[in-house]
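For reference, the chains in residue letters:
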Amino acid sequence: RDLTDISLLKCFIHLRYVDLSENKLQDLSPLSSLTHLLWLKVDGNLLTSACMQELPYLQVISFAHNRIKHVEGITLPRLANLSLKGNKIQTALGLSHGQLFSLQILELRENKLESTAGLSLPQLKHLYLARNAIRSLEGLEGLGQLTTLHLHDNQLEALDGFCSSMKCLQYLNLRNNGISNLQEVAKLQVLPMLQALVLLDNPCSNESNYRLEVLVLLPHLQRLDKEVFKQGEWEEANKIRRERQEEEKVRTARCGEEK
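Residues numbered from 1 in each chain as written. Predicted model: local features only at pLDDT ≥ 70, side-chain atom pairs only at ≥ 80, totals over all residues. Heavy atoms only, no water.

The name given to the protein in an unreviewed UniProt entry is LRC23 protein, with Rhynochetos jubatus as the source organism.

Here's what the structure looks like:
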């Protein structure tokens, strides 16, 4: 409706669900009167900041496709689901666990992030970072409850940054990055619960015996590129893994003898 002014909403203090999408809003301050608000959608406006006055019961908010450049100042204690998809955010620094300690779903797709630094949110379960410009994985050690991580369509060439504290991560999508060496996949061995991995459209996915080599490196994996491993693949991978372990033992013994 091309709204630019929502000051009239101050009168409706008991509103719980508000959708103001596809307008021309630059200011959400009138919403501070809506202290019972649970759900807010302001997609497709002209907002340059996600900073709002604290709304004590707000649980879901979507700022998708605005002009937001930073994430500082979001202080919503009961917020469980936050979407900032399709903005101009360059860093996640400023997202504070102290102010977002209930956040479980964070959507940051289609921004301009170059790193994952700043995403220390211990209650987070689902994190969407696809279609950014991420080159490095940093600060992931605080994501102890994370189960789903989308990093497809970024610029990752290495998989440093994953750590054993990410003990709940089950699904990892790395499609269409720049991972050329399959040995980078070995760095995912620190993820004890990883069951599904997507590596399509990385250079390493063109290597011969690609599926088998990934399974050799990650014996607990159930699915690769959304295709479940077959019994024959399990058996072949186990055989190769045992052979390589024996070869390593022989090499280690020889090195010991030479010393």
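Resuming the write-up.
Focus: the environment of Pro-77
For Pro-77, the position within the fold is in the loop between strand 3 (60-62) and strand 4 (81-83). A relative accessible area of 17% means that Pro-77 is categorised as buried. Taking the C-alpha atoms as reference, Pro-77 lies 8.2 Å from Leu-55; in sequence the two are 22 residues apart. The residues touching Pro-77, leaving out its near neighbours within four places in the chain, are Glu-54, Leu-55, Pro-56, Gln-99, Phe-101 and Ser-102. (Helix = DSSP H or I, 4+ residues; strand = E, 2+ residues; numbered from the N terminus. Buried < 20%, exposed > 50% of the residue type's maximum accessible area, 1.4 Å probe, protein only. Contact = heavy atoms within 4.5 Å.)

Some details on the pattern of salt bridges
Here the structure, examined in full by the defined rule, presents ten salt bridges. Linking Arg-251 and Glu-248 is a salt bridge whose minimum nitrogen-to-oxygen distance equals 2.8 Å. Separated by three residues within a single helix, Arg-251 and Glu-248 lie in helix 2 (residues 231-258), roughly one turn from each other. Judged by its relative accessible area of 45%, Arg-251 falls in the partly exposed class. We classify Glu-248 as partly exposed; its relative accessible area is 40%. By sharing partners, the salt bridges in this structure join Asp-160, Glu-184 and Lys-187 into a single network. (Salt bridge = Lys/Arg side-chain N within 4 Å of Asp/Glu carboxyl O.)

Brief notes about the packing of aromatic side chains
Counted by the stated rule, this structure contains two aromatic pairs. Between Tyr-17 and Trp-39, the aromatic rings sit 6.4 Å apart at their centres with planes inclined by 45°, giving tilted as the arrangement. A residue pair is termed long-range when its members are at least 10 positions apart, and Tyr-17 in strand 1 (residues 17-19) and Trp-39 in strand 2 (residues 39-41) qualify at 22 residues. Judged by relative accessible area, Tyr-17 falls into the exposed class, the value being 59%. Trp-39 sits in the partly exposed class, given a relative accessible area of 30%. (Phe/Tyr/Trp six-rings, centres within 6.5 Å; stacked < 30°, edge-to-face > 60°.)

Some remarks on the sheet that holds strand 5 (residues 105-107)
Hydrogen bonds between backbone atoms are what pair the strands of a sheet, whose relative direction is either parallel or antiparallel. Across the sheet, eleven strands lie side by side as 1-2-3-4-5-6-7-8-9-10-11; this open sheet has mixed pairing. Single-partner strands in this sheet number two, and they are strand 1 and strand 11 (227-228). (Pairing = 2+ DSSP bridges.)

Things to note about helix 1 (residues 210-217)
A large share of helix 1 lies buried, amounting to eight of its eight residues. Check the buried side of helix 1 and you find it contacts strand 9 (196-198), strand 10 (223-224), strand 11 and helix 2.

Brief notes about the layout of surface pockets
Its volume calculated, the largest pocket comes out at about 150 Å³. Around the largest pocket, the lining is made up of 13 residues, and of these Asp-27, Leu-28, Ser-29, Cys-51 and Met-52 lie nearest the centre. Grouping the amino acids of the lining of the largest pocket by side-chain chemistry returns six nonpolar, six polar and one charged. (1 Å grid on protein atoms, 1.4 Å probe; cavity = no way out; pocket = protein on both sides within 12 Å on 5 of 7 lines; lining within 4 Å. Points joined across faces, edges and corners; volume = space filled by probe spheres on them. Nonpolar A, V, L, I, M, F, W, Y, C, P; charged D, E, K, R; others polar.)

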